Amino acid sequence: MATVQKSEGEWRTVLSAEQFRVLRQKGTERAYVGKYDKFYEEGVYRCAGCDTPLYKSTTKFDSGCGWPAFFDAIPGAVKQIPETDGSRRTEIVCNACGGHLGHVFFDEGFKNATNERHCVNSISLNFGSE
């Protein structure tokens, strides 16, 4: 997978202010407002920063959390970084550009193949056909 590196200024020119806040400054969009929360078309979700394919629609599910939820990423596309603040959250970032996607949670009892919930900010994603 290719690595995408840009300066802060370059990121600011290609991302909206809200995308920059979430992807580059590790922000969070408000729950239930993202365009992909209740979106279920077939295709691929890509990083809004670098266009790397991250998730297939076949791994998306309704967790009721207010953000798009996936039970698995495309292999090698998403990096997990355990939080160091003592919380049980694990940050997820695009493996190509390091853009903040959200957090992954484990063993919450969802009946899926991985027992994971990747809770992703809609603003961190773009959607398209495969």
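Residues numbered from 1 in each chain as written. Predicted model: local features only at pLDDT ≥ 70, side-chain atom pairs only at ≥ 80, totals over all residues. Heavy atoms only, no water.

**Q** Explain the packing of aromatic side chains to me, please; I cannot follow it from the model alone.
**A** Each aromatic ring pair is summarised here by two numbers: the centre-to-centre distance and the angle between the ring planes. Per the counting criterion, the structure on display carries nine aromatic pairs. An angle of 90° between the planes, with centres 5.5 Å apart, marks the rings of Y36 and Y45 as edge-to-face. In this structure, Y36 and Y45 share a single accessibility class: buried. Between Y45 and F70 the ring centres are 5.0 Å apart and the planes differ by 70°, which places this aromatic pair in the edge-to-face class. Taken together, the positions of Y45 in strand β1 (residues 44-47) and F70 in strand β4 (residues 69-70) put the pair 25 residues apart, joining distant regions of the chain. What links up through ring pairs into an aromatic cluster is the set Y36, F39, Y45, Y55, F70 and F127. Over the ring of W11 we find K6; its NZ or CZ atom is 5.0 Å from the centre of that ring. Lying across the ring of Y40, K60 places its NZ or CZ 4.1 Å from the centre. (Phe/Tyr/Trp six-rings, centres within 6.5 Å; stacked < 30°, edge-to-face > 60°. Buried < 20%, exposed > 50% of the residue type's maximum accessible area, 1.4 Å probe, protein only. Helix = DSSP H or I, 4+ residues; strand = E, 2+ residues; numbered from the N terminus. Lys NZ or Arg CZ within 6 Å of the ring centre and 35° of its normal.)

**Q** How should I be thinking about the sheet that holds β1 in this particular structure?
**A** Within a sheet, neighbouring strands are paired by backbone hydrogen bonds and run either parallel or antiparallel to one another. Pairing is antiparallel in the open sheet, where three strands are placed in the order β2-β1-β9. Where the open sheet ends on each side, the last strands, each with one partner, are β2 (53-56) and β9 (125-128). Neighbour to neighbour, the strand axes of the sheet diverge by 30° on average, direction disregarded. Note that β1 and β2 share three bridges and pair antiparallel. Bridge pairing links R46 to P53 in β2. (Pairing = 2+ DSSP bridges. Axes fitted to C-alpha atoms, helices over the stretch in contact; angles between N-to-C directions.)

**Q** Explain the pairing of strand β7 (residues 100-106) to me, please; I cannot follow it from the model alone.
**A** Within β7, six of the seven residues are buried, which leaves it mostly tucked inside the rest of the structure. Looking at chain direction, strand β6 (residues 90-94) and β7 are connected through four bridges and run antiparallel. If you follow V93 over to β7, its bridge partner there is H100. Between the antiparallel neighbours β6 and β7 lie five residues, among them G98 with a positive phi of about 80°. Judged from the five bridges that link them, β7 and strand β8 (residues 116-120) form a sheet pairing that is antiparallel. Considered in β8, the bridge of H103 is made with C119.

**Q** Explain the side chain of S57 to me, please; I cannot follow it from the model alone.
**A** Of note, S57 is situated in the loop between β2 and β3 (60-61). The class of S57 is buried, set by a relative accessible area of 15%. When residues no more than four places from it in sequence are discounted, the contact partners of S57 are E41, E42, G43 and Y45. (Contact = heavy atoms within 4.5 Å.)

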